[in-house]
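Each chain is listed here by its residues.
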Amino acid sequence: MGILRWHVLLIAALSVSLLEAAPASLQVFVGSPISVARGHTTTLPCWLSPKQSAEALEVRWYRSDNFDSPVLLYQGKSFQNASQDASYSGRVSFGLKDAVSGGLKVGDVSLKLTDVTLDDEGQYTCYVSSNQGYDSDSVNLVVTQTGTSPLLSAVWIEDNMLNMSCQSEGWYPQPSLRWSDPNKDLSSNNTKSSEDFSGLKSVHSWILVPSSSEVSSKVYCSVSLPGEEAKVARVHLEKPPQAEPEGSHVGWIFFALLSVAVVIATLLFYFRKRWIKPKTESGNPEENCALLTKGPILPTDLSEAKKHFVNVALAKVTNPFLKIKDDRKVRDTVDAAFPDGPDVTCLTAIKGTPGFSSGRHYWEVSLDQPNTDPKKSWWIGVTSATDISEGSSPTTSNGFWFLSSSSDRAGVFQFNTEPNILLPVYSRPQIVGVDLNYDDGKLSFYNAKDESLIGSLKVNFTGEVFPLFNPGKGDQSPMEILQGEGPGKLPVEPGSQEPPNDNNSHQIEKLRRVTT
């Protein structure tokens, strides 16, 4: 009888041990991987089966091997924060796995996480224990961030080929980039990706596209994350390119993104080495670094251009189709009898003074006056033409180089190149900065408010060129040439009371996306 009793006790002890290790009465289940946008709130589902109260149980959410530094610890019917991972302080609580859940009372121990960051991505373990046993399971959290709309640039090169560049930033994880025309996908082997110091991804691609024989041609660039709607940008060409006189490069869109990317990559490399602690994680940084969105302010080409600010005025002319005030404000005449016909586009055009035959010069034009609607129709640029009256053809071959906007095409700007190039409008400028670099043969246009490049032209200037303005027909809002206190002194913006501090707000500029 003694031996039999010993065997019974041994079997009972083994049974209790097995029940504690994997009791049938305490099983933990989790949901499918969860995807959430950065900055949003999400819930990682975890529950007990069969249903039972978890109010008196220990619930521990932790990551990787950090069992002793949990994301959340519920023990003794209260939250224990002493050992909590500090990065989750104030951001975690119990959530509900669905709308009909009864919470802890029915064993729903889901984790609610607010203000999700990129660092939150990864695997989370849900661990539940009682005095009868324990169980655990893991669920994966995927964090996403939708980036900027693609920025496009275009330049016609030899053999009627179009060199297209597309860039987008601020994505997570790495997005995919797709080129297409209205009929098919286009293949590119020139796509680079990069990561900024915050972990966000950028993508940059360029492609050669043959010109179309159709009247109009469109090229699309789309950037997207898996399973999400793509962000798309396009360039619409008015007509296929035409041959230019031998030796002329007029009408080329300067391929700013590529050259600026090299400069920016160099600045960022220096910035990372000087101010940012290198990452210890493995990775292969790409050559095309993303632009900074935070951190020290770095100089841009716009800040250099502003050092060459000059006061420009409207030419003293009599034009029945224009209303001019103080030699710097101009709009169309309301009651003017405009003739019909295609050759009237220059009737509201006017040259500025002085003219330039060398050097670098910068001026600014306000398109947003107080108590008026922003201008929608305008030209801003330069001309070498001696006569810009009725009958003039405002083409590059006739000595006109300008950026224009039309009320009929609110979503695009246009260069008067041959062929015309339409540029998507991402931010309609209140002030346009014009940078004429005569010696380098470069004419650039900036959104002076947000300090971004709208686009550039490469031009072989000859002779004297003059500022060019056109307030448009039927757009009664004026354009104003802003004035400074002298050479190199920047103007006071409309509505400002004091001139900006040259040393602070104009000699140092924020590094921004380049839009061409």
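Here is what the cut-offs are and how they apply
Residues numbered from 1 in each chain as written. Predicted model: local features only at pLDDT ≥ 70, side-chain atom pairs only at ≥ 80, totals over all residues. Heavy atoms only, no water. Helix = DSSP H or I, 4+ residues; strand = E, 2+ residues; numbered from the N terminus. Buried < 20%, exposed > 50% of the residue type's maximum accessible area, 1.4 Å probe, protein only. Contact = heavy atoms within 4.5 Å. Areas by Shrake-Rupley, 256 points an atom, 1.4 Å probe, with all protein chains shown as cover. Pairing = 2+ DSSP bridges. Disulfide = S-S within 2.5 Å. Salt bridge = Lys/Arg side-chain N within 4 Å of Asp/Glu carboxyl O. Axes fitted to C-alpha atoms, helices over the stretch in contact; angles between N-to-C directions. Core = buried A, V, L, I, M, F, W, Y, C linked by side-chain atoms within 4.5 Å. Polar contact = N/O pair within 3.5 Å; in protein donor to acceptor, adjacent residues only side chain to side chain.

Caption draft 1: Seen up close, the overall build of the protein. Scanning the protein from terminus to terminus reveals 4 helices and 34 strands. Burial statistics for the protein: of 516 residues in total, 47% are counted as buried. Here the analysis covers contacts within the protein between residues at least 6 apart in sequence; of these, 64% occur between residues at least 24 apart. Working note: accessible area of the protein is about 26,200 Å², and carbon and sulfur atoms make up 50% of it.

Caption draft 2: Structural detail: the sheet that holds strand S10 (residues 122-130). With mixed pairing, the 6 strands of this open sheet are ordered in space as S2-S11-S10-S5-S6-S7. Two strands lie at the open edges of the sheet, namely strand S2 (34-37) and strand S7 (78-79), each paired on one side alone. Note: S2 against strand S11 (residues 133-144), 4 bridges, orientation parallel. Looking across to S11, one finds that Ala37 is bridged to Thr144.

Caption draft 3: The state of the cysteines, seen in detail. Within this structure, the stated rule accounts for 2 disulfides. The disulfide bridge from Cys46 ends at Cys126, spanning 2.1 Å between sulfur atoms. Judged by the torsion about the S-S bond (-80°), the Cys46/Cys126 disulfide is left-handed. Placement of the pair is Cys46 in strand S4 (residues 46-49) and Cys126 in strand S10, with a sequence separation of 80 residues. Across the pair, Cys126 and Cys46 agree in class, each one buried. Put simply, Cys166 and Cys221 are joined by a disulfide, and their sulfur atoms are 2.0 Å apart. With the S-S dihedral at roughly -80°, the linkage between Cys166 and Cys221 falls on the left-handed side. Of the two residues, Cys166 is situated in strand S13 (residues 161-171) and Cys221 in strand S18 (residues 217-224); the sequence distance between them amounts to 55 residues. For Cys166, a relative accessible area of 0% translates into the label buried. With its bonded cysteines labelled in order along the sequence, the protein shows the pairing 1-2, 3-4.

Caption draft 4: How the structure looks around the pattern of salt bridges. With the rule as written, the count across this model stands at 10 salt bridges. With its nearest N and O atoms 2.9 Å apart, the salt bridge here joins Asp120 to Arg91. Of this pair, Asp120 sits in the loop between strand S9 (111-113) and S10 while Arg91 sits in the loop between S7 and strand S8 (92-94), and the two are 29 residues apart along the sequence. Across the pair, exposure class does not vary: Asp120 and Arg91 are buried alike. Asp98 serves as the salt-bridge partner of Lys97, at 3.0 Å between the closest nitrogen and oxygen.

Caption draft 5: Looking closely at the sheet that holds strand S3 (residues 42-44). Ordered by their spatial adjacency, 3 strands build an open sheet running S3-S9-S8, and the pairing between neighbours is antiparallel. Strand pairing shows two members of the sheet lacking a second neighbour, S3 and S8, which therefore form its edges. On average, each strand axis in the sheet is tilted by 30° relative to the strand beside it, whichever way the strands run. Pairing analysis gives 3 bridges linking S8 to S9, with the strands arranged antiparallel. Bridging across to S9, Ser93 finds its partner in Lys112.

Caption draft 6: Local environment of the nonpolar core. Grouped together as the largest cluster of nonpolar side chains are 33 residues, with contacts concentrated most on Trp363, Ile380, Leu443, Phe445, Phe461 and Phe469. Once residues lying within four places of it in the same chain are set aside, the contact partners of Trp363 are Phe309, Val310, Val312, Phe356, Gly381, Val382, Val432, Gly433, Val434, Leu436, Pro467 and Phe469. By size, the runner-up hydrophobic cluster in this structure holds 32 residues, among which are Val59, Cys126, Leu141 and Tyr172.

Caption draft 7: Geometry of the side chain of Ser168. For Ser168, the position within the fold is in strand S13. Within the structure, Ser168 has its side chain in polar contact with the backbone oxygen of Thr148 (distance 2.5 Å). Within the structure, the side chain of Ser168 is placed 2.7 Å from the side chain of Trp171, a separation counted as a polar contact. With residues up to four places along the chain from it excluded, the contact list for Ser168 reads Gly147, Thr148, Ser149, Pro150, Ser202, Val203 and Val223.

Caption draft 8: A look at the pairing of strand S25 (residues 360-366). With respect to burial, S25 is a largely interior element, 7 of its 7 residues being buried. Taking every second residue as pointing to the same face, both faces of S25 are buried, with Arg360, Tyr362, Glu364 and Ser366 on one and His361, Trp363 and Val365 on the other. Bridge count for S25 against strand S30 (residues 431-437) is 7 bridges, and the pairing is antiparallel. Within S30, the residue paired with Glu364 across the bridge is Gly433. Both S25 and strand S34 (residues 479-481) contribute to a ladder of 2 bridges, which runs antiparallel. Opposite Ser366, over in S34, you have Glu480 as the bridge partner.

Caption draft 9: Quick look at unusual backbone geometry. In the segment running from Tyr172 into Pro173, the intervening peptide bond is cis, with an omega of -10°. Tracing the sequence through the fold places Pro173 in the loop between S13 and strand S14 (176-180). In this structure, the amide linkage connecting Thr353 to the following residue, Pro354, adopts the cis form with an omega of 0°. Within the element layout of this structure, Pro354 appears in the loop between strand S24 (350-353) and S25. The phi dihedral of Ser64 falls on the positive side, at around 50°, and the residue is not glycine. Of note, Ser64 is situated in the loop between strand S5 (58-63) and strand S6 (72-75). Take Ser64: its relative accessible area is 57%, and that puts it in the exposed class.

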